[in-house]
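For reference, the chains in residue letters:
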Amino acid sequence: MPNIKPISDLRNYTEVLKQVDKSRRVYLTRNGHGEYGILSMAEIDELDRYRAAYTLFEKLKYAEKSADEEGWIDADDIEKELLEDIA
C-alpha cells in the first residue's frame, strides 16, 4: 500500500523519513495531488543502474540498426585499425 502524506507532514520530517526504506516510498501531496516522492538512497542507486542499462541497451540497438543499414565491420579489420592506432 502506498504511503501517501500531505506535504505539511514534513514539519515533522524525521517521522516521515523513518517511514522510507528500499521497498516503501513516501509520496507527498499538495492540495490533494501528488507532488513529490521520497526514496531511499538504495532505491535511487538501483534506479540509476536501471537507467544506465536502459541507455546502454538503446545505444546498442541504435548501433545494430546502423550496422544493418550500413554494413558490419569485419573483426579482422577492427583489429588492424586498432593495431595501427597503437603503432
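Coordinates for the structure precede this section.
Basis of the calculations
- Residues numbered from 1 in each chain as written.
- Predicted model: local features only at pLDDT ≥ 70, side-chain atom pairs only at ≥ 80, totals over all residues.
- Heavy atoms only, no water.
- Helix = DSSP H or I, 4+ residues; strand = E, 2+ residues; numbered from the N terminus.
- Pairing = 2+ DSSP bridges.
- Axes fitted to C-alpha atoms, helices over the stretch in contact; angles between N-to-C directions.
- Buried < 20%, exposed > 50% of the residue type's maximum accessible area, 1.4 Å probe, protein only.
- Right-handed = clockwise from strand over helix to strand, strands pointing away.
- Patch = residues over 30% accessible without salt bridge, like charges linked within 9 Å, V, L, I, M, F, W, Y side chains within 5 Å.
- Areas by Shrake-Rupley, 256 points an atom, 1.4 Å probe, with all protein chains shown as cover.
- Salt bridge = Lys/Arg side-chain N within 4 Å of Asp/Glu carboxyl O.
- Lys, Arg positive; Asp, Glu negative; His and termini not counted.
- Charge placed at Lys NZ, Arg CZ, Asp CG, Glu CD.
- Polar contact = N/O pair within 3.5 Å; in protein donor to acceptor, adjacent residues only side chain to side chain.
- Contact = heavy atoms within 4.5 Å.

Colleague: Got a sec to walk through unusual backbone geometry? Specific residues and values, please.
Modeller: Residue Asn31 is not a glycine yet carries a positive backbone phi of 55 degrees. Along the chain, Asn31 falls in the loop between β2 (26–30) and β3 (33–38).

Colleague: So what about the sheet that holds β2? Which residues, and what values?
Modeller: If you walk across this open sheet you meet the three strands as β1-β2-β3, and the pairing is mixed. Among the strands making up the open sheet, the edge pair consists of β1 (3–6) and β3. Each strand axis lies, on average, 35 degrees off the axis of its neighbour in the sheet, ignoring direction. Where β1 and β2 come together, four bridges link them in parallel fashion. Opposite Asn3, over in β2, you have Val26 as the bridge partner.

Colleague: Account for the pairing of β3, with residues named and values stated.
Modeller: As a general feature of sheets, a regular strand has side chains that alternate between the two faces. One ladder, built from five bridges, connects β2 with β3; its direction is antiparallel. Bridge assignment links Leu28 to a residue of β3, and that residue is Tyr36. What sits between β2 and β3 in their antiparallel hairpin is a turn of two residues, with Asn31 showing a positive phi close to 55 degrees.

Colleague: Summarise the pairing of β1; cite the residues concerned and give the values.
Modeller: The alternating pattern of β1 places Asn3 and Lys5 on a buried face, while none of Ile4 and Pro6, on the opposite face, is buried. Following the chain from β1 across helix α1 (residues 13–18) to the adjacent parallel β2, one finds a crossover that is right-handed.

Colleague: Please provide a residue-by-residue account of a negative patch on the surface, values included.
Modeller: A contiguous patch of negative charge, built from Asp74, Asp76, Asp77, Glu79, Glu81, Glu84 and Asp85, is present on the exposed surface. Of note, Glu81 is situated in helix α3 (residues 75–86).

Colleague: Before we move on, could you go through the side chain of Asn3 and cite the residues and values that matter?
Modeller: Looking at where Asn3 falls in the secondary structure, it is placed in strand β1. According to the relative accessible area criterion, Asn3 is buried, its value standing at 15%. A polar contact of 2.8 Å, which involves the side chain of Asn3, links it to the side chain of Gln19. Setting aside anything within four residues of it in sequence, one finds Asn3 in contact with Gln19, Arg25, Val26 and Tyr27.

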